[in-house]
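# Descriptive structure summary
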Amino acid sequence: MEAKAILETPMTDSYPTNALIEQYGGTRVVAVAMEKGGVGKSTVAILLAIRAAMGLIPEVKKRILVMDFDDQQNTSRALLKMEPIAGHKAFMAPVHPDFDPSFEGHREWGGRSNSVDLYYGNPVLPYPSSVSDRLDVLPSDGAMLKAFSDAAKRGSKTLLEQIHEEIGNWIKQPDVQSEYDLIICDCPPGANLITIPVLRACTHLIVPTVPEIFGMDGIGKMMADIEDQNRSREVPIEFIGVLPNQVQRYNEHTVGLEKMRNHPQFGKYVMPFEFHRLKGFLQTSLPLYEQPVARRKDSDKRAEKEIDIFLKWVRHKMYGAPWKSPKQRSSSKSSAPENVGQGVA
């Protein structure tokens, strides 16, 4: 994507439909969202993005863009070297490598870009990630997201409707669609003025959760949010599914998985496999840990197997690729270590 040009231009559970494919010229926009925090949304978004960039989703031919809307900034820090803000816990995006202060439009821009710019209709220029030369990042700005949310709550209904359409309008730009055929959005917890525009714009949705009582409550609320957003959409959200994540070997999770899969409202949407708490390569291979290259060899073999099954499911739901149900051990018989995280939560 040419920097100067950008700056001058201010649910269903079925297979992909023609209307969905045509919505953004074939570009898939995947939101990773859940009402409850701490369920691994950022981990799932990062895994999906990196594996697509590694060529493990062969239907993705172009570049991959990750858009971080979570003020915790875990995804931004994992894929991009963010700069600390003095006196704050939040981080800000670095000066963009394409920033040229001698160019008049760039001087007005200032050289930094983040996801909040989408809500204001400001110029947006994603950053190249050091993790892969096929991966770009539009980082989060924690302080600006909170300020925007507070301001939007006081806005008029017309202003809110305009905000809801900004993300979709940006993706509809021909130069965005020609650059990316997969865009992944990491959402904050809950349905709020940050998340709702993403749900309004996305084509597909993944809902990670932990098989516990509060996680199941969050799924019910998420399903209601999806139904509500579909009323305002021309094309319903394609639901990739509910992903049981961070599953451990003890009775509460075993019972929770069974209840999730048999739930009358959302049981049919639960993916036919789960992620256990296994060590993936995230902890040792991303800018957050000052390592420049994603190294698959650093992963636990069982984690790799689970990720590969997940990718096959995503390809099946997004592109109609063949799907064969995996023979995955039940969590009640799992030998997965219970004290090892899978990366950025």
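Just above, that's the structure.
Residues numbered from 1 in each chain as written. Predicted model: local features only at pLDDT ≥ 70, side-chain atom pairs only at ≥ 80, totals over all residues. Heavy atoms only, no water.

## Re the packing of aromatic side chains
- All chains considered together, the criterion is met by six aromatic pairs.
- Where Phe 275 meets Phe 310, the ring centres are 5.4 Å apart and the plane angle is 65°; that geometry is what we call edge-to-face. Here Phe 310 lies in helix α14 (residues 301–319) and Phe 275 lies in the loop between α12 (251–261) and α13 (282–285), a separation of 35 residues in the sequence.
- On the basis of relative accessible area, Phe 275 is assigned to the buried category, the value being 1%.
- The exposure class assigned to Phe 310 is buried, which follows from its relative accessible area of 1%.
- With centroids separated by 4.9 Å and ring planes inclined at 80°, the aromatic side chains of Trp 313 and Trp 323 adopt a geometry described as edge-to-face. (Phe/Tyr/Trp six-rings, centres within 6.5 Å; stacked < 30°, edge-to-face > 60°. Helix = DSSP H or I, 4+ residues; strand = E, 2+ residues; numbered from the N terminus. Buried < 20%, exposed > 50% of the residue type's maximum accessible area, 1.4 Å probe, protein only.)

## Re the layout of surface pockets
- One number sums up the size of the largest pocket: a volume of about 260 Å³.
- Around the largest pocket, the lining is made up of 13 residues, and of these Gln 23, Glu 165, Lys 172, Arg 200 and Glu 234 lie nearest the centre.
- Looking at the lining of the largest pocket, the elements that each hand over two or more residues are α8 (157–171) and α10 (195–201).
- With four residues, α8 is the single largest residue contributor to the lining of the largest pocket. (1 Å grid on protein atoms, 1.4 Å probe; cavity = no way out; pocket = protein on both sides within 12 Å on 5 of 7 lines; lining within 4 Å. Points joined across faces, edges and corners; volume = space filled by probe spheres on them.)

## A word on the pairing of strand β1 (residues 28–32)
- Judged by how many residues are buried, β1 sits mostly within the fold: five of five residues are covered.
- Residue alternation in β1 divides its side chains into two sets, Arg 28, Val 30 and Val 32 and Val 29 and Ala 31, and both sets are buried.
- One ladder, built from five bridges, connects β1 with strand β7 (residues 180–186); its direction is parallel. For Ala 31, the partnering residue across the bridge sits in β7 and is Cys 185. (Pairing = 2+ DSSP bridges.)

## Considering the environment of Ile 21
- Take Ile 21: it is sitting in helix α2 (residues 18–23).
- Given the relative accessible area of 30%, Ile 21 is considered partly exposed.
- Between the alpha carbons of Ile 21 and Met 318 there is a distance of 9.7 Å; along the sequence they are 297 residues apart.

## Some words on the nonpolar core
- Judged by nonpolar contacts, the single largest core of 41 residues is most densely connected at Met 67, Phe 69, Ile 167, Ile 183 and Leu 205.
- Ignoring any residue separated from it by four or fewer positions in sequence, one finds Ile 183 in contact with Thr 27, Arg 28, Val 29, Val 30, Leu 65, Met 67, Ile 171 and Val 176.
- Membership of the second largest hydrophobic core comes to 35 residues, among which are Val 137, Ile 240, Phe 275 and Val 314. (Core = buried A, V, L, I, M, F, W, Y, C linked by side-chain atoms within 4.5 Å. Contact = heavy atoms within 4.5 Å.)

## Comments concerning the environment of Phe 69
- Note on placement: Phe 69 falls in the loop between β2 (63–68) and α4 (74–79).
- Taking the C-alpha atoms as reference points, Phe 69 and Val 198, separated by 129 residues in sequence, lie 8.8 Å from one another.

## As for the sheet that holds strand β8 (residues 204–209)
- One open sheet accounts for seven strands, arranged β5-β6-β2-β7-β1-β8-β9; its pairing is mixed. This sheet does not close on itself; its edge strands, each paired only once, are β5 (127–128) and β9 (238–244).
- Where β8 meets β9, six bridges bridge the pair, whose relative direction is parallel. Bridge pairing in β9 links Thr 209 to Pro 244.
- Across the face of the sheet, α14 comes into contact with β1, β7, β8 and β9 while running at roughly 160° to β9. (Axes fitted to C-alpha atoms, helices over the stretch in contact; angles between N-to-C directions.)

## Section: the pattern of salt bridges
- Counted by the stated rule, this structure contains nine salt bridges.
- With a shortest N-O distance of 3.1 Å, Arg 112 and Glu 83 are connected by a salt bridge. Placement of Arg 112 in the loop between α5 (104–109) and α6 (116–120) and of Glu 83 in strand β3 (residues 83–84) is noted, with a sequence separation of 29 residues between them.
- Take Glu 83: its relative accessible area is 27%, and that puts it in the partly exposed class.
- Within the structure, one salt-bridge network assembled from shared partners comprises Arg 63, Asp 136 and Glu 179. (Salt bridge = Lys/Arg side-chain N within 4 Å of Asp/Glu carboxyl O.)

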